[in-house]
Every structure is written in C-alpha cells, then in structure tokens.
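Residues per chain, in single letters:
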Amino acid sequence: RAAAPDAGDAATDWLLAATPGDRLAGAAPYLRALGTVIGGIFHARAHLSPRADEGRRAVARFYLPQLLPQAGWLARSATAGEADLPAARTTVLA
C-alpha cells in the first residue's frame, strides 16, 4: 500500500531533474496523481474518524482500494517523458 507515495516521490525527483519537454509531458498525470493521493488522505482520515457516519466510511471503503491505486500508474506515466510526443503531434495534429 505504500507504493503510491513511493511512486510519487520517484516521480517528483524525476521531474525535478528532467528536461523542460519531459516536465511538460508529465505535468498532467503528475498533478492527477497528487490529487488522487490527497483525496486518499482525506478519505482515510474520514474513515478513521470516530465522528464519521456510515456514508463517509462507505465512500472511503470504495475510494481507497478502487481509486487510490491509480496514483501509482499516474506517477509512472508522469515519468514517461516526451519521446513519443513528436510522433503523436504529427499524426493527430496533421
């Protein structure tokens, strides 16, 4: 379960050292990964809160195993770089 934060740390380090083109290519999946992790933190806190009602706990039980794991592959996508973008630009934007 610690894979998402580890992937986030690795993606952050990679983006900090990356070229500007690689940073631009990874920006959207990186931000989606961060938002997913932050959502997971809030849902985990709500689930563990003694004041949480059953509805909040049910949403957390769905979010944590179903949506939070997406942060790992989004972080990996953020580090894919821009290598395939020129071909996509030529094909899609032509």
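Residues numbered from 1 in each chain as written. Predicted model: local features only at pLDDT ≥ 70, side-chain atom pairs only at ≥ 80, totals over all residues. Heavy atoms only, no water.

Peer 1: A description of the overall build of the protein should follow, citing residues and the corresponding values.
Peer 2: Helix and strand counts for the protein come out as five helices and zero strands. Traced from its N-terminal end to its C-terminal end, the protein shows the element sequence α-α-α-α-α. Taking all 94 residues of the protein together, 28% fall into the buried category. Taking the contacts inside the protein whose residues are at least 6 apart along the sequence as the reference set, 61% of them involve residues at least 24 apart. (Helix = DSSP H or I, 4+ residues; strand = E, 2+ residues; numbered from the N terminus. Buried < 20%, exposed > 50% of the residue type's maximum accessible area, 1.4 Å probe, protein only. Contact = heavy atoms within 4.5 Å.)

Peer 1: Go over the packing of helix 2 (residues 20–48) against helix 3 (residues 54–66) with me, naming the residues and quoting the values.
Peer 2: It is the contact of helix 2 with helix 3, at a shortest axis distance of 9 Å, that shows an interaxial angle of 140°. In this structure, helix 2 meets helix 3 at a crossing whose hand is left-handed. Residues Gly35, Thr36, Gly39, Gly40, His43, Ala44 and His47 of helix 2 pack against Arg57, Val59, Ala60, Arg61, Tyr63 and Leu64 of helix 3. Looking at the contact of helix 2 with helix 3 residue by residue, the classes come out as five nonpolar, six polar and two charged. (Axes fitted to C-alpha atoms, helices over the stretch in contact; angles between N-to-C directions. Left-handed = near helix turned anticlockwise from the far one by under 90°. Nonpolar A, V, L, I, M, F, W, Y, C, P; charged D, E, K, R; others polar.)

Peer 1: Which residues make up the packing of helix 2 against helix 4 (residues 70–78), and what values go with them?
Peer 2: Between helix 2 and helix 4, the shortest axis-to-axis distance is 7 Å and the interhelical angle comes to 155°. In terms of orientation, helix 2 and helix 4 fall into the roughly antiparallel class. Here helix 2 and helix 4 pass one another in a crossing that is left-handed. Between helix 2 and helix 4, the contacting residues are Gly26, Pro29, Tyr30, Arg32, Ala33, Thr36 and Val37 on the first element and Ala71, Leu74, Ala75, Ser77 and Ala78 on the second. Classifying every residue of the contact of helix 2 with helix 4 gives eight nonpolar, three polar and one charged. (Parallel < 35°, antiparallel > 145°, perpendicular 65-115°, else oblique.)

Peer 1: Please set out the confidence of the model for the protein residue by residue, giving values where relevant.
Peer 2: Predicted coordinates in regions of low pLDDT should not be interpreted in detail. With 82% of its residues at a pLDDT of 70 or more, the protein has an overall mean of 87. Looking over the protein, one finds the lowest element-wise mean pLDDT in helix 5 (residues 85–92), namely 62, and the highest in helix 3, namely 95. (pLDDT = per-residue confidence, 0-100.)

Peer 1: Could you give an account of the environment of Val37, naming the residues involved and the relevant values?
Peer 2: Of note, Val37 is situated in helix 2. Among the residues examined, Val37 registers a relative accessible area of 22% and is labelled partly exposed. Taking the C-alpha atoms as reference, Val37 lies 9.5 Å from Leu64; in sequence the two are 27 residues apart. If we ignore the near neighbours within four places in the chain, the residues touching Val37 are Leu68 and Ala71.

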